[in-house]
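If you want the building blocks of each chain, they are given just below.
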Amino acid sequence: MARKIILDIDPGIDDALALCLSLFDPSWEVLAVTAVGGNVSSAVATRNTQALLAYFDPERSPRIGAASEPDRGLPVKGRFADSADDLRVAALPVAELRTPHPSEKVIVDEVRSAPHAVTIVALGPLTNIARAIQRDPEFSALVGRIVIAGGAVQVGGNITPAAEFNIYCDPVAARVVFASAAPKTLIPLDASNKLVLGLGFLSELPEETGKVGALFRKLLSAKFRNYRLELGRETIHLHDTLALMAVACPELFRFVEMSGDVETAGELTMGATVFDRRAAPAWRHNNLEVAVSVDAGAVHQEIVRRLRLAADAAGDLATPV
Ligand code: RIB
Ligand code: CA
């Protein structure tokens, strides 16, 4: 029985890679791909999601959810390395959605269609997930699991000293999701920072004669270039793709039940995730299963292996990207 997945993404090059691996995993059924603003605006996230699905053209076409702005708007206009996460470098063609369905409605519909069986993989801000929880009082009891790429337990933030980007973009939504009764897994920066990829990763990608290799050699080259120009770094992380591996290969991770919450008001700490790690914790709701460590080398190899399988399944390029 294929595993039922909803992918919630703010594409984003890292999101695009996670999407590709999800679409071409034969043991997964991607029911829907729902866009959320974050790395790029809500409108661009929706357009990029459509363009990527049209480009990959999977056998089973998932439903598409259209992103809408968070209630407080996006606090940053894209990532600090904004152009590193915009897909403009690929110039993928896209047709306008005839009848755009809001992401949160698509999420609720698909969870209701398969009670207790759907895993939501949230790779961007949690706006859509919070809205789904607020839209349907039974949602938290019906969803199988929500896996979240974001937050930080013992390491610093990546968009501010205190906050990780996805949580920072919509901390009020993140707090709603953290407080929900839905089964939740968090893949924080503590784990995803451990996967550090150098330029050699480009040579491990599938050949550029194929769709997958052509796209990701272009996108990841741009990501390396922008991280070097804007951050002075020769390496990149793939936080979303590592989070996806926590769903595909949980045996490569160590998880701990923790009680966590989100700062929604602090001037310096807005979007920080806070966990009760005291010797005698007073917070006892253990609302999150948190990935506290990972075999990063094995995850790296698994990503390369799965990319090759995706390339075989996606086939060759009809026209150059
Ligand atoms: O902090 C990493 C997260 O921020 C990733 O999801 C990346 O795509 C950006 O959204
Ligand atoms: Ca993302």
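1. Description of the site of ligand 1
Looking at ligand 1, there are eleven residues lining it, with L123, N158, E164, N166 and D240 nearest. Interatomic distance of 3.0 Å between a side-chain N/O atom of D10 and an oxygen atom of ligand 1. Separating an oxygen atom of ligand 1 from a side-chain N or O atom of N166 is a distance of 2.9 Å. Broken down by secondary-structure element, the contributors of at least two residues to the shell around ligand 1 are α6 (165-169) and α11 (239-248). Residues that form the shell around ligand 1 fall into these classes: two nonpolar, four polar and five charged.

2. Section: the coordination of the calcium ion (ligand 2)
Donor atoms from the polypeptide that bind the calcium ion (ligand 2) are D10 (OD), D15 (OD), D15 (OD), L123 (O) and D240 (OD), placed at 2.2 to 2.6 Å. Each donor residue of the calcium ion (ligand 2) lies on one chain, and together they are spaced D-x4-D-x107-L-x116-D. On the criterion of sequence distance, the pair formed by D15 in helix α1 (residues 13-23) and L123 in the loop between β4 (118-122) and α4 (127-135) is long-range, its members being 108 residues apart. Exposure remark for D15: the relative accessible area of 0% places this residue in the buried category.

3. Re unusual backbone geometry
For the bond from P11 to G12, the omega torsion is -20°, close enough to zero to count as cis. Relative to the helices and strands, G12 is located in the loop between β1 (3-9) and α1. One non-glycine residue, H116, lies in positive phi territory at about 65°. Phi at N286 is positive, roughly 35°, even though this residue is not glycine. For N286, the position within the fold is in the loop between β9 (273-275) and β10 (288-294).

4. Here's the deal with the pattern of salt bridges
Applying the stated criterion across every chain, the model contains twelve salt bridges. Here D136 ties to R112 by a salt bridge, and the two come within 2.6 Å at their closest N and O atoms. Of the two residues, D136 is situated in the loop between α4 and α5 (139-142) and R112 in helix α3 (residues 103-113); the sequence distance between them amounts to 24 residues. A relative accessible area of 6% places D136 in the buried class. Here R306 makes a salt bridge to E302, at a shortest N to O gap of 2.7 Å. Placement of both R306 and E302 in helix α12 (residues 296-314) is noted, with a separation of four residues, approximately one turn of the helix. With respect to class, R306 is no different from E302; both count as buried. One salt-bridge network, in which partners are shared between bridges, spans D25, E302, R305 and R306.

Scoring rules and cut-offs
- Residues numbered from 1 in each chain as written.
- Chains lettered and ligands numbered in written order.
- Predicted model: local features only at pLDDT ≥ 70, side-chain atom pairs only at ≥ 80, totals over all residues.
- Heavy atoms only, no water.
- Near = heavy atom within 4 Å.
- Polar contact = N/O pair within 3.5 Å; in protein donor to acceptor, adjacent residues only side chain to side chain.
- Helix = DSSP H or I, 4+ residues; strand = E, 2+ residues; numbered from the N terminus.
- Nonpolar A, V, L, I, M, F, W, Y, C, P; charged D, E, K, R; others polar.
- Donors = N, O, S within 2.8 Å, 3.2 Å for Na, K, Ca; no water.
- Buried < 20%, exposed > 50% of the residue type's maximum accessible area, 1.4 Å probe, protein only.
- Salt bridge = Lys/Arg side-chain N within 4 Å of Asp/Glu carboxyl O.

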